[in-house]
Amino acid sequence: MILFLGTKPGKTTSILLQNVVCPYCENKGTLTATTSTTYFHLFWISLFRVGNHTVISCSHCKRTYYEDEFTEEMQHSIETGTSLEQKN
């Protein structure tokens, strides 16, 4: 019997951080937080979530911030932000 198992990406959501200033270029409203989820699957059926990964990028200076580089202002804005778009 052959088992098809592994991981696959889930939904990707993007949130525009409107009132947050980029620490590098100091422009306000240019940051976008993108969250990706990874699921474990068996026969291409998602069973449970394995991981979550959030990255914030600035549209002005093109700098990317990873989770260990988030400021308190960025973290707070992600938790209370509104969704800009959703992609599968």
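What you are looking at is a predicted structure, and each value in this text was computed from that prediction instead of being measured.

Q: Residues and numbers for the overall build of the chain, please.
A: Counting its regular elements, the chain contains 1 helix and 5 strands. Counting helices and strands in the order they occur from the N terminus, the chain gives β-β-β-β-α-β. Relative to a compact globule of 88 residues, whose C-alpha radius of gyration would be 12 Å, the chain shows 16 Å and is clearly more extended. The principal-axis extents of the C-alpha atoms in the chain amount to approximately 55 × 20 × 20 Å. Looking at the chain as a whole, 26% of its 88 residues qualify as buried. Across the chain, every contact between residues at least 6 apart in sequence was considered, and the portion connecting residues at least 24 apart equals 52%. For the chain, the accessible area works out to roughly 6,200 Å², and carbon and sulfur atoms hold 52% of it.

Q: Please provide a residue-by-residue account of the packing of aromatic side chains, values included.
A: Under the defined criterion, the tally for this structure stands at 3 aromatic pairs. Ring geometry for F4 versus F43: centroids 6.1 Å apart, planes at 70°, classification edge-to-face. Here F4, found in the segment before β1 (5–17), pairs with F43, found in the loop between β2 (31–42) and β3 (45–58); they are 39 residues apart in sequence, far enough to count as distant. Connected via pairs of aromatic rings, a cluster forms that spans F4, F43 and W44.

Q: Describe unusual backbone geometry, with residues and values.
A: A positive phi angle is found at E26, which is not glycine, with a value near 60°. Despite not being glycine, F43 has its phi angle at roughly 55°, a positive value.

Q: Tell me about the environment of V20, residues and numbers included.
A: In this structure, V20 sits in the loop between β1 and β2. With sequence-adjacent residues up to four places away left out, V20 is seen in contact with N27, K28, G29, L31, E73, M74 and S77.

Q: Which residues make up helix α1 (residues 72–80), and what are the values?
A: Residues of α1 that are buried: M74, S77 and I78. Along the axis of α1, the buried residues cluster in a sector spanning 100°; they form a single face. The exposed residues of α1 that point more than 90 degrees off its buried face are E72, E79 and T80. Where the residues of α1 are buried, they touch β1, β2, β3 and β4 (64–66).

Q: Just give me the short version of the nonpolar core, but keep the residues and values in it.
A: Formed by I15, L17, V20, C22, L31, A33, I56, C58, Y65, F70, M74 and I78, the largest nonpolar core amounts to 12 residues. For this core, the secondary structure elements donating two or more residues are β1, β2, β3 and α1. Discounting residues that sit within four places of it in the chain, F70 has contacts with T54, V55, I56, Y65, Q75 and I78.

Conventions and cut-offs
- Residues numbered from 1 in each chain as written.
- Predicted model: local features only at pLDDT ≥ 70, side-chain atom pairs only at ≥ 80, totals over all residues.
- Heavy atoms only, no water.
- Helix = DSSP H or I, 4+ residues; strand = E, 2+ residues; numbered from the N terminus.
- Rg over C-alpha atoms; globule rule 2.2 N^0.38 Å.
- Buried < 20%, exposed > 50% of the residue type's maximum accessible area, 1.4 Å probe, protein only.
- Contact = heavy atoms within 4.5 Å.
- Areas by Shrake-Rupley, 256 points an atom, 1.4 Å probe, with all protein chains shown as cover.
- Phe/Tyr/Trp six-rings, centres within 6.5 Å; stacked < 30°, edge-to-face > 60°.
- Arc of directions from axis to C-beta.
- Core = buried A, V, L, I, M, F, W, Y, C linked by side-chain atoms within 4.5 Å.

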